[in-house]
Amino acid sequence: MRPLSGEACTTLSAPCTRLLHSAESTTIALLANLAGLLQPLREFTKTKPVWGTCAGAILLAEAVENPKKGGQELLNGMTLTVARNGWGPQVDSFEAPLIVEGLQNPHNAFTGIFIRAPVITVINSSPDQPPMRVIARLPFGVVPKTATTPIDNEDDPRRIVAVQQGNHLLTTFHPELTKDGRFHEYFVRMCVVPFLSR
Ligand SMILES: NC(=O)CC[C@H](N)C(=O)O
């Protein structure tokens, strides 16, 4: 996997997979656009495995609430909507123990680090798209108080923090900031290997 910021050309044909890392989605989109990489990235995302974490999760969505003034570009890789900075500003960042379906040792909680994280507000399942597989939800006890309306419903999409759709993986938190490699292993096993074996 190579980070987008390391890309020096306008063709993305060489690597077979891509990690959209965290930072600031508006800046990543702006720089990708200036470098002529936005359209190649969209094409890449249409067929190849991509994992977006936090800001990368915003890029991977099809729609964003609370975008930058004037709007921001997305890659439209997964049929869901996210609210940017949906749990509040930097000072409301938090950690949460996550039980994640499909990880190795699933009963060992994965530490989710949420830094000015996006919140999933709508999951659009469509028969033309691969099914959405929800793999992690925030436990009720740690839903931040900054939620605009109370979250008391099991199925509230705002509790969803990790989801896979076909060969795309989206995490609203930062697995890359921990020493726990289980999400990396999950991405390779569930998104990359099936793609390479087709
Ligand atoms: N930690 C992060 O990646 C923050 C994401 C940031 N809120 C954005 O809009 O992109």
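Every residue gets a number counted from 1 within its own chain, in the order that chain's sequence is written. Confidence filtering applies because this is a predicted model: local features only for residues at pLDDT of at least 70, side-chain atom pairs given and counted only at 80 or more, and all residues used for totals across whole chains, interfaces and linings. The side-chain numbers reported here are obtained from all heavy atoms of the structure, hydrogens and water having been left aside.

The protein chain appears in an unreviewed UniProt entry as PdxT/SNO family from Boletus reticuloceps.

On to the overall build of the protein chain. In this text, helices come from DSSP runs of H or I with a minimum length of four residues, and strands from runs of E with a minimum of two, each type numbered from the N-terminal end. The helix and strand tally for the protein chain stands at four helices and 11 strands. For the radius of gyration, the atoms used are the C-alpha atoms, and the globule rule reads 2.2 Å times the number of residues raised to 0.38. Its C-alpha radius of gyration of 16 Å places the protein chain within 12% of the 16 Å reference for a compact globule of 198 residues. Its C-alpha atoms give the protein chain principal-axis dimensions of about 45 × 40 × 35 Å. Buried residues are those whose accessible area, probed at 1.4 Å on protein chains only, stays under 20% of the maximum for their type, while exposed residues exceed 50% and partly exposed ones sit between those limits. The buried share of the protein chain, reckoned over its 198 residues, is 48%. Any two residues whose heavy atoms approach within 4.5 Å are treated as being in contact. Nonlocal contacts in the protein chain, meaning residues at least 24 apart in sequence, comprise 66% of its contacts between residues at least 6 apart.

Multiplying 1.5 Å by the helix residue count minus one yields the expected span of that helix. With 15 residues, helix 4 (residues 182-196) extends 20 Å between its outermost C-alpha atoms, agreeing within 8% with the 21 Å of an ideal straight helix rising 1.5 Å per residue. Most pronounced at valine 188, the bend in helix 4 amounts to some 30°. What helix 4 keeps buried is the set Arg182, Phe183, Tyr186, Phe187, Cys191, Val192 and Phe195. Note that the bend at a residue is defined as the angle between axes fitted to the seven residues ending at it and the seven residues starting at it.

Further remarks concern the sheet that holds strand 4 (residues 61-65). Strand pairing in a sheet relies on backbone hydrogen bonds. The paired strands run either parallel or antiparallel. Being paired, for any two strands, means DSSP has found at least two bridges between them. Reading across from one edge, 4-5-8 is the order of the three strands in this open sheet, with mixed pairing throughout. In the strand order of this sheet, the two ends are held by strand 4 and strand 8 (119-123), each with one partner. Mean inter-strand twist for the sheet, computed between neighbouring axes without regard to direction, equals 30°. Direction of pairing for strand 5 (residues 78-83) relative to strand 8: antiparallel, over a ladder of four bridges. In this analysis, axes come from line fits to C-alpha atoms, helices being fitted only over the stretch in contact, and the angle between any two N-to-C directions falls in the range 0 to 180 degrees.

Another aspect to go through is the site of the ligand. Here a residue is near a molecule or strand as soon as one of its heavy atoms is found within 4 Å of it. As a structural note, the neighbourhood of the ligand is formed by Ser22, Ala23, Glu24, Ser25, Cys54, Ala55, Ile58, Arg84, Asn85, Ile115, Arg116 and His174. Nitrogen and oxygen atoms within 3.5 Å of one another constitute a polar contact, given that in protein one can donate a hydrogen and the other can accept it, and given that sequence-neighbouring residues count only through two side-chain atoms. Residue arginine 84 places a side-chain N or O atom 2.8 Å away from an oxygen atom belonging to the ligand. At 3.0 Å, a backbone N or O of isoleucine 115 approaches a nitrogen atom of the ligand. In the complex, the protein chains occlude 97% of the 300 Å² of accessible area that the ligand would expose alone. Amino acid classes used here: Ala, Val, Leu, Ile, Met, Phe, Trp, Tyr, Cys and Pro are nonpolar; Asp, Glu, Lys and Arg are charged; the rest, including Gly, are polar. Partitioned by chemical class, the residues of the shell around the ligand number five nonpolar, four polar and three charged. Accessible areas in this description were obtained via Shrake-Rupley with a 1.4 Å probe; residue shielding takes into account the shown protein chains only.

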